[in-house]
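This is what each chain is made of:
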Amino acid sequence: MAGKLVSGVVGIFLSANILMALGVGASPGKLELFATPGETLVTDEITLLNPDNFGKTITISPKLRTDQKGIPVLPSAEWVKIIPNKVTLKPLEKDVRVRMEIFVPDSQIYYNRNFAFEIDIRQCGNGAYAAGIIIPVLLTTQSSRHIPPKCPGCIANIYPNKLVIKSHLDSVCVVNWTDDTLNFKIGWNEPEQIGWQQALLLMERIMGVFVPIKNSFTLLPKEKKKIFIKPLAYPGKGKLYFSTDEGIKIFLWLEWGQL
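Residues numbered from 1 in each chain as written. Predicted model: local features only at pLDDT ≥ 70, side-chain atom pairs only at ≥ 80, totals over all residues. Heavy atoms only, no water.

1. Quick look at the overall build of the protein chain
Secondary structure summary: the protein chain contains one helix and 21 strands in total. Every one of the 259 residues in the protein chain was classed for burial, and the buried ones make up 46%. Taking as baseline every contact in the protein chain between residues at least 6 positions apart, the subset at least 24 positions apart corresponds to 67%. Accessible area of the protein chain: about 13,200 Å², with a carbon and sulfur share of 53%. (Helix = DSSP H or I, 4+ residues; strand = E, 2+ residues; numbered from the N terminus. Buried < 20%, exposed > 50% of the residue type's maximum accessible area, 1.4 Å probe, protein only. Contact = heavy atoms within 4.5 Å. Areas by Shrake-Rupley, 256 points an atom, 1.4 Å probe, with all protein chains shown as cover.)

If you want it as structure tokens, here you go:
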């Protein structure tokens, strides 16, 4: 199904530093993007520069690899288009922008997901002259409270994966799609980082009673756990991480109060 064109990017994190390697410079240092399944996300945030006083040709391509531990790799490189994917830079030329288009297929299984991939920027040539740089990309898809009956390839997901709390109490559902028991630790903005207790009260409802969740919780195979969230500090925003010792890492984007 053809995707609807969406201009701009919501919530991009831009590194202040320009990445430099032999013969090419680029910014930002990393990208965090949000996409809606069934629509085309368009961004022109990738900027190239030529630090040398001679011209050169640069290739730009998506790579299905990542060093973001615990985040699944994007399922297909065909979801990403770089326009143009080859650029000839004039001597000392800078501020040359390339466009990236990302199309996530329109399916319920692609909502509430986090995927990682890399943009490989490389000078054409052989041997040492082929050196380039990497921009890591974290792609988060549209949040939804709907839980699909099946999620092929999923390990664990949060529904919704982004929450703007307007009242004093809201909730998410964490689902273990595997046949194994998963033991999650909770962290704020980084896995296992302390601090969320000062900002949030996390609870689960058992027999009609709210029971606080401390620093960890367990999900049995195919289990769904509803977690209630109450802000304790105003305003605030960040990521609430759920991670396991086996390297699984999922997170919830949170925002509350008037920022």
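2. A short note on the sheet that holds strand E16 (residues 200-206)
Backbone-to-backbone hydrogen bonds pair the strands of a sheet. The strands run either parallel or antiparallel. Taken in spatial order, the five strands of this open sheet run E12-E14-E19-E16-E17, and their pairing is antiparallel. The open sheet has two edge strands with one neighbour each: strand E12 (156-159) and strand E17 (209-212). Direction aside, neighbouring strands of the sheet carry axes that sit 35° apart on average. Relative to strand E14 (residues 170-176), E12 is paired through four bridges, and the arrangement is antiparallel. Within E14, the position partnered with Tyr159 by the bridge is Cys173. (Pairing = 2+ DSSP bridges. Axes fitted to C-alpha atoms, helices over the stretch in contact; angles between N-to-C directions.)

3. Observations concerning the nonpolar core
Counting residues in each nonpolar core, the largest one holds 37 residues, and the members touching the most others are Leu48, Met100, Ile119 and Ile121. When neighbours within four sequence positions are excluded, Ile121 is seen to be in contact with Val24, Ala26, Ile46, Leu48, Ile58, Thr59, Ile60, Gly132, Ile133 and Ile135. Counting 26 residues, the second-largest nonpolar core is a separate cluster that includes Ile158, Val172, Phe242 and Trp256. (Core = buried A, V, L, I, M, F, W, Y, C linked by side-chain atoms within 4.5 Å.)

4. Let's talk about the state of the cysteines
For the structure shown, the criterion picks out one disulfide. The disulfide that involves Cys151 links it to Cys154, with 1.8 Å between the sulfurs. (Disulfide = S-S within 2.5 Å.)

5. Concerning the packing of aromatic side chains
Ring pairs (aromatic) are described by centroid distance and by the angle formed between their planes. Scanning all chains against the criterion turns up nine aromatic pairs. Seen in terms of ring centroids, Phe210 and Phe228 are 5.0 Å apart; in terms of plane orientation they differ by 85°. Their pairing is edge-to-face. Here the residue Phe210 occupies a position in strand E17, and Phe228 occupies one in strand E19 (residues 224-231), the gap between them amounting to 18 residues. Here Phe228 falls in the buried class, since its relative accessible area comes to 9%. (Phe/Tyr/Trp six-rings, centres within 6.5 Å; stacked < 30°, edge-to-face > 60°.)

6. Quick notes on the sheet that holds strand E20 (residues 236-243)
Spatial ordering of the open sheet is given by E13-E21-E20-E15-E18, a layout of five strands whose pairing is mixed. Two strands bound the open sheet, and with one partner strand each, they are strand E13 (162-165) and strand E18 (216-219). Sheet twist, expressed as the mean angle between neighbouring strand axes with direction ignored, is 25°.

7. Looking at the environment of Asp67
With respect to the helices and strands, the residue Asp67 is situated in the loop between strand E6 (56-63) and strand E7 (80-83). When its relative accessible area of 63% is taken as the criterion, Asp67 is described as exposed. When the C-alpha atoms of Asp67 and Pro136 are compared, they prove to be 8.2 Å apart, with 69 residues separating the residues in sequence.

8. Some points on the confidence of the model for the protein chain
Residues with a pLDDT of 70 or more make up 88% of the protein chain, whose mean pLDDT is 86. Taking the mean pLDDT of every element in the protein chain, the minimum, 36, falls on strand E1 (residues 4-7) and the maximum, 96, on E7. Low pLDDT, under 50, characterises residues 1-16; the predicted model gives this stretch 43 contacts beyond four residues in sequence or across chains. (pLDDT = per-residue confidence, 0-100.)

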